[in-house]
Every structure is written in C-alpha cells, then in structure tokens.
Amino acid sequence: MLEDGHEVIAMDNQVSGQNSNLEDIFYHDRFSFYEHDVTEYIHVAGELDWVCHLASLASPIFYRRNPIKTLKVGALGTHKTLGLAKAKDAKYLFTSTSEVYGDPEVNPQPESYRGNVDPYGPRSCYDESKRYGESLVRSYREQHDLDVRVVRIFNTYGPRMRIDDGRVIPTFVRQALANEDLTVYGDGTQTRSFCYVSDLIDGLLALIDSDLQTPVNLGNPDERTVNELAETIIDLTGSQSGVTHEPLPPQDPQVRRPDITKAKEELQWEPEVPLTDGLERSIEYFAQHV
Ligand code: UDP
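Keep in mind the model is a prediction, meaning the values are calculated, not measured.

Let's shift gears to the overall build of the protein. Counting secondary structure elements, the protein contains eight helices and 12 strands. Taking 19 Å as the expected radius of gyration for a compact globule of 290 residues, we find that the protein reaches 19 Å, a close match to that expectation. Overall size of the protein, expressed as C-alpha extent along the three principal axes, is 55 × 45 × 35 Å. Counting over 290 residues, the protein shows a buried share of 36%. Nonlocal contacts in the protein, meaning residues at least 24 apart in sequence, comprise 81% of its contacts between residues at least 6 apart.

UniProt annotation of "domain: NAD-dependent epimerase/dehydratase" (unreviewed entry) refers to residues 2–218 when read in the numbering used here. The span residues 2–218 carries 33% helix and 19% strand; its end-to-end C-alpha distance comes to 22 Å.

We now examine the environment of G166. Among the secondary structure elements, G166 is positioned in the loop between β6 (156–157) and α4 (168–177). Exposure remark for G166: the 17 C-beta atoms within 10 Å place this residue in the partly exposed category. Separated by 104 residues in the primary sequence, G166 and F62 place their C-alpha atoms 7.6 Å from one another. Setting aside chain neighbours within four positions, we find G166 in contact with S59, P60, I61, F62 and T171.

Around the ligand lies a shell of 14 residues, among which R167, V168, T171, T183 and Y185 are the nearest. Mapped onto the shell around the ligand, the elements with two or more residues apiece are α4 and β7 (182–185). Element by element, the count of residues in the shell around the ligand is highest for β7, at three residues. Across the shell around the ligand, the residue classes tally to seven nonpolar, four polar and three charged.

Once that is clear, we can look at α4. Burial within α4 is extensive, with seven of its 10 residues counted as buried. For α4, the full list of buried residues reads V168, I169, P170, F172, V173, Q175 and A176. Those residues of α4 that are buried lie in contact with β6, β7, α6 (226–237) and α8 (275–289). A positive phi of about 55 degrees marks N179, the residue just after α4.

Judged by nonpolar contacts, the single largest core of 43 residues is most densely connected at Y92 and F172. With five residues, the single largest contributor to this core is α4. Beyond its immediate sequence surroundings of up to four residues, F172 is in contact with L182, L229, A230 and I233. Core analysis: the next-biggest nonpolar cluster, separate from the first, contains six residues, L57, A58, Y63 and Y126 among them.

The omega torsion across N107 and P108 is -5 degrees, close enough to zero to call that bond cis. One can find P108 in the loop between β4 (91–97) and α3 (124–144). Phi is positive for N179, close to 55 degrees, though the residue is something other than glycine. Along the polypeptide, N179 turns up in the loop between α4 and β7.

This next bit is on the packing of α4 against α6. Where α4 meets α6, the closest approach of the two axes is 10 Å, and the angle between their N-to-C directions is 40 degrees. It follows that α4 is oblique to α6 by the angle criterion. The handedness of the crossing between α4 and α6 comes out as right-handed. Here V168, F172, V173, A176 and L177 of α4 lie close against α6, whose contacting residues are V226, L229, A230, I233, I234 and T237.

Reading the values: the criteria
- Residues numbered from 1 in each chain as written.
- Predicted model: local features only at pLDDT ≥ 70, side-chain atom pairs only at ≥ 80, totals over all residues.
- Helix = DSSP H or I, 4+ residues; strand = E, 2+ residues; numbered from the N terminus.
- Rg over C-alpha atoms; globule rule 2.2 N^0.38 Å.
- Buried ≥ 20, exposed ≤ 12 C-beta atoms within 10 Å, placed from the backbone.
- Contact = placed C-beta atoms within 7 Å.
- UniProt positions renumbered as here; feature names shortened; annotations may be inferred.
- Near = placed C-beta within 6 Å.
- Nonpolar A, V, L, I, M, F, W, Y, C, P; charged D, E, K, R; others polar.
- Core = buried A, V, L, I, M, F, W, Y, C linked by C-beta atoms within 7 Å.
- Axes fitted to C-alpha atoms, helices over the stretch in contact; angles between N-to-C directions.
- Parallel < 35°, antiparallel > 145°, perpendicular 65-115°, else oblique.
- Left-handed = near helix turned anticlockwise from the far one by under 90°.

Okay, here's the thing in structure tokens:
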C-alpha cells in the first residue's frame, strides 16, 4: 500500500506481532504506528478511506492459551473497527478464516458451505469469534449501508512468521534446521492447503479494488497431508531429522482445501507460488533468524 502511494496507519498490541517486521517501513513518511488494542475505543484524527481489521491470534497454540483475548478481538475488536469505519465513512475489510467451516464435511469448501463448528469446543474461541465478526459486518452493511469486504483466509505462511508461532510450517522448519524430529500430530493423514504470503496479499488487494460485498475464500487449493509436508521440508532443508508422532489436538480438522472458483471469477485472482518455492523462501528466512 505504501508502494502504491497510500498513507498507512498500523495498530497492534504486540501480543503476537513483532516490531522487527516493521523495520523497513517504520520511518517511512506515509507510515505511522500506534501501539493499541483494537478491543478498546479507537481514536484516529483526520479522514480514512479504508479500515482493514486483520488483528487476531491465529495460531491454535496461541489462541488456546488466550481464548478470551481471541474472542474479544473477533467480537469487540470487530465492533470498534466497524464503528471507526462508520464514523469516518470509510470502507471496511474483515479478515475471517477457513475455520468458520470447522471440521468440514465437504471438501473443498465453497463459500456456501455453512460449516461444522462446535460452539463449546476447544477451537471455538477463534471459530465462533470470526463467525460472530462476519455477522456483525453483515449487520453494519445492512443497517448502516457500510461498504464491506469479507475474506476467509486459509492457511498462509511465509517469511516474518514467528519461529515460535506453533503453526505447522514454522515448527517443522525450525525442527528440520536443528536436525530434531518433526512432531507430526496424529497419524499425519490430515490435510491442509498452504498459501504463500505474497499470493494472499495480492488477493487482499484485489478484493479491496473490487465491489464484492459477500465472503470470498482466499487460499491455495494445493492440498497436502501433514506427512507429505514433513517429508517435503526434510528434503528441502537437507535435514537429518526423522518424524515422531504426537497426539492429535482435539477437534483438529481432518481436511481443509479452499474452493476458489469465486475468487477466480470475481477477482481474477489465483495463487501463483508453488509450495516448494514458498517453502524455500521461508526456509531461507528462518535459517537467518533462528
Ligand atoms: N501440526 C503437526 N505438528 C505440529 C504443528 C501442527 O502435525 O508441530 C498439524 C496440526 O495438527 C494440523 C496441521 O498440522 O493438523 C496444521 O496445523 P496448524 O497449527 O498449522 O494450523 P491449523 O490449520 O490447524 O489452524
């Protein structure tokens, strides 16, 4: 956005974010940073064209350690940022998640699938707060005529993730680089579909440029088992690591793959970076930052 000439204000409470990720832009003329928790009232002077709410803990180990914060950022944070957009007459982007589909009974998941979520389950703090967030966004659109975008983001990875993020790619890469066994949860036959960060960003910008006011999936439909992912990372790092199996976390989704027909048709978007290329770039980053 800075490269495109926009003025950008970022807000983060640093619960899972890292200031070091802002080093390259921190002193940019058109960039400012507020340390702020979006569940609290937000004051911004001047006009805004867009409010983009991307804040959340997104890693299962982080949100299971902080379930109340996770619920608050999806519910109160969405309310505060919607209120800001309404006050500024700005457009609004909400980043929802593939987790609204829960442990899906259909694969791949189209936007029309309503999901299989346990409201009292161990992942519900994340899933249900994002489902509530979507409902709040829809309601601001209906009641206040706010111009909104809702994106359901599927597993995304790349440089600048925390090495202790806990999600599968940073964890496996850290383990492979240290020649430690990769910890595959369960039998490793569960699947995920991994999207490289630059593809995701291109999708978000395409959505911002569009008029699409209903939820759209963004992700890479290249579906892999966790076992395959472990083997690929061991190969690419040339590691001596083996694999150990640990218990599958309760209600870990068995399959996940986006149906991206809508994004292709409405946004003319589809991911371009193959898994091995994205993993190589991520491994290079993690090797420098371990
Ligand atoms: N996983 C694993 N070992 C790890 C971390 C994760 O086998 O050290 C598995 C996890 O059980 C899930 C998949 O990898 O089936 C993706 O997990 P992640 O935490 O990255 O995100 P999720 O897609 O579950 O939100």
